[in-house]
Amino acid sequence: MKDMRFGFRRKMLVLFCGLLMLQTFLFGLGGAAAEGGPGERQGGVQPEYVEGEVLVVFRPGVTSREKADWLKAHGLPPSEPIPGTDAERIALPEGADEEETVQALKASGLVEIAQPNYIYSVALASTDEADIPPARPDHYENWDVRQAWGLENRGQLIEIFPGYGRTGVYGIDMGAAEAWKTIDEDLLDPVVVALIDTGVDIDHPMFKGRIWTNPGEIPGDGIDNDGNGYIDDIHGWDFVNNDNSVFDHPLLDYHGTLDASVIASVAPNAVIMPLKVTDGGRLTTEDWVRAVHYAVNMGVKISNNSLAFNPYSVDELVKRTLREADMLFVFAAGNGDRFSDPINLDEELFSLVNLNYPKQINVAALGPDGNLISFSNYGKNTVHIAAPGYAVYVAVPRGLVEGFHYYYVDGTSEAAPHAAAAAAVAMGMMDLSVLETKDLLLRSAKPLPALEDKIMTGALLSLDLAQSVQHLDVDLDDPKEFRNSGVTVSFSTGKYGALKAGEDVVVLRMDGMDAASLAGKRDAVTFNGVA
């Protein structure tokens, strides 16, 4: 009789070797030749870009005639608008040089930005084990929340497969059990999270009722009903193939499915908007910028970016998007160098994480023992927080391996969506701005000794956000609606605060403060026993 155990092992080994080869390929994306391209070098490596294209943002007030005249005078075709943005693409004629075109545009005085369409690589999650025995536990086929140690770590054995795993340390988790004692899930508003990644298996059982649906679009009518530049964008968009299919193949859309499942498992109110910017071949400036603007134009305030962006210092269009978009950008800190050795991002330029703009949260990967996993990047001045990144229990695309709907992966790619999910919980609790949400996440984090010298907060992401709301400063002219009960709110001396309870604005003040000082500030109410 054929050895079924060996056959299954071989099948899994082939699969995960394939994923490893895909990861290696993604980190070595091809593009323009390394010599002579525009932009400065990053660590001795010339940024790669799409040949025959230039991206441009014209200055406000530049007329269509001025654009057309300049382009025609320089032998260039008319520029094409990039949907949802103020950027445009110029397709260069054969023989035209990207560097010369960029420099000529910059010298014209007509543009704010002129640059190539850069190519980025993707920081895929990794897994240590491929040799899985055929006697599979039920939690490979059916969701088992007990396997999600990042939500509640009871010191249990995190059993990746029978007889193998790592024992956790009690309390090294995001405090989900405590969080749901003070946060009523039923009172959380739905919050959309843009997943900027590969595609997502949106029909996986994990995502029932959790995938965003465009309320302004009529499915299948071939019309751009909401006028956003995308036809039949029912559940997001595939910017790689420029169509509305956000799931094309279980192998190519493996990474996005993993990350989406983390968000769905952590935040009960999160609604996932799949925005596919890579299919395993490449990620370009244009596709990422289009995805961000698509989400922003739809009112989305949170995006998860488990991606490694390499030519970080030369991509002005990406940097401008990061600065100006009203969005919280959650980034994976990265899975070390090509030898899987962790990188101190305070000392070495690695990716867009190094920019550390105000609306970014950069996330390292933590193990169940309270230490960063071996290959997680870190940086006291660049990485904000840590989140579970070892043996993260995730959904895998249907059809990848028969009988496997859930599995375990390691990586900062899975740490980041924990933070995006926590942000969704925060925004679902209260009417918070992007920066207020970031501040709340960082202040509510759980300090851990092993992280003190590694990352900015020295702390693990926490879902127990309600306990930190009591320190949130808010303005009477900008009251915050809090949709959960049982939370005590106080304010520092000299501060007034206002929360919205239903339709009523509740004015809060410090105990002992003169009630007369509230005159003209809206009606005072009793709080903490003081009128």
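Residues numbered from 1 in each chain as written. Predicted model: local features only at pLDDT ≥ 70, side-chain atom pairs only at ≥ 80, totals over all residues. Heavy atoms only, no water.

Caption draft 1: Main features of the packing of aromatic side chains. Taken as a whole and assessed by the stated rule, the structure comprises 10 aromatic pairs. An angle of 85 degrees between the planes, with centres 6.3 Å apart, marks the rings of Trp212 and Tyr294 as edge-to-face. Linking Trp212 in the loop between strand S8 (191–197) and strand S9 (237–238) with Tyr294 in helix H6 (residues 285–297), this pair joins segments that are 82 residues apart in sequence. The two residues Trp212 and Tyr294 agree in class, both being buried. (Phe/Tyr/Trp six-rings, centres within 6.5 Å; stacked < 30°, edge-to-face > 60°. Helix = DSSP H or I, 4+ residues; strand = E, 2+ residues; numbered from the N terminus. Buried < 20%, exposed > 50% of the residue type's maximum accessible area, 1.4 Å probe, protein only.)

Caption draft 2: Summary view of the pattern of salt bridges. Across all of its chains, the model carries 15 salt bridges by this definition. In this structure, the salt-bridge partner of Lys446 is Asp173, at a minimum N-O distance of 3.3 Å. Of the two residues, Lys446 is situated in strand S18 (residues 446–447) and Asp173 in the loop between strand S7 (164–167) and helix H4 (176–182); the sequence distance between them amounts to 273 residues. Asp173 sits in the buried class, given a relative accessible area of 7%. In this structure, Lys276 and Asp253 form a salt bridge, with 3.0 Å as the shortest nitrogen-oxygen distance. Here Asp253 lies in the loop between S9 and helix H5 (254–266) and Lys276 lies in strand S10 (residues 270–276), a separation of 23 residues in the sequence. With a relative accessible area of 1%, Lys276 lands in the buried category. (Salt bridge = Lys/Arg side-chain N within 4 Å of Asp/Glu carboxyl O.)

Caption draft 3: Here's a closer look at the side chain of Asn214. Locating Asn214 in the fold gives a position in the loop between S8 and S9. Residue Asn214 is classed as buried on the basis of its relative accessible area of 4%. Looking at Asn214, its side chain comes within polar contact range of the main-chain nitrogen of Gly216, at 2.9 Å. Residues in contact with Asn214, not counting those within four places in the same chain, are Asp226, Asn228, Asp233, Ile234, Tyr294 and Met298. (Polar contact = N/O pair within 3.5 Å; in protein donor to acceptor, adjacent residues only side chain to side chain. Contact = heavy atoms within 4.5 Å.)

Caption draft 4: Region of interest: unusual backbone geometry. For Asp232, which is not glycine, the phi torsion reads 55 degrees and is therefore positive. For Asp232, the position within the fold is in the loop between S8 and S9. A positive phi angle, near 50 degrees, is found at Asn356, a position not held by glycine. Within the secondary structure layout, Asn356 lies in the loop between strand S13 (328–332) and strand S14 (360–366). Here Asn356 falls in the partly exposed class, since its relative accessible area comes to 23%.

Caption draft 5: Main features of the environment of Phe350. Inspection of the secondary structure assignment puts Phe350 in the loop between S13 and S14. Phe350 sits 13 residues away from Asp337 along the chain, and the two C-alpha atoms are 8.9 Å apart.

Caption draft 6: Examining helix H7 (residues 316–324) more closely. Taken as a whole, H7 has its buried residues at Leu317, Val318, Lys319, Arg320, Thr321 and Leu322. The inward-facing, buried residues of H7 abut strand S1 (53–58), strand S4 (111–115), strand S5 (119–120), H6, S13 and S14.

Caption draft 7: Representation of the nonpolar core in the model. Counting 77 residues, the largest nonpolar core has Phe207, Ile272, Ile302, Val363 and Leu463 as its most contacted members. When residues of this core are assigned to their parent elements, the largest contribution, 12 residues, is made by helix H8 (residues 412–429). Ile302 has contacts with Val191, Val192, Val193, Ala194, Met327, Leu328, Ala420, Ala423, Ala424 and Met427, leaving out every residue within four places of it along the chain. Core analysis: the next-biggest nonpolar cluster, separate from the first, contains 51 residues, Ala194, Val271, Val277 and Phe329 among them. (Core = buried A, V, L, I, M, F, W, Y, C linked by side-chain atoms within 4.5 Å.)

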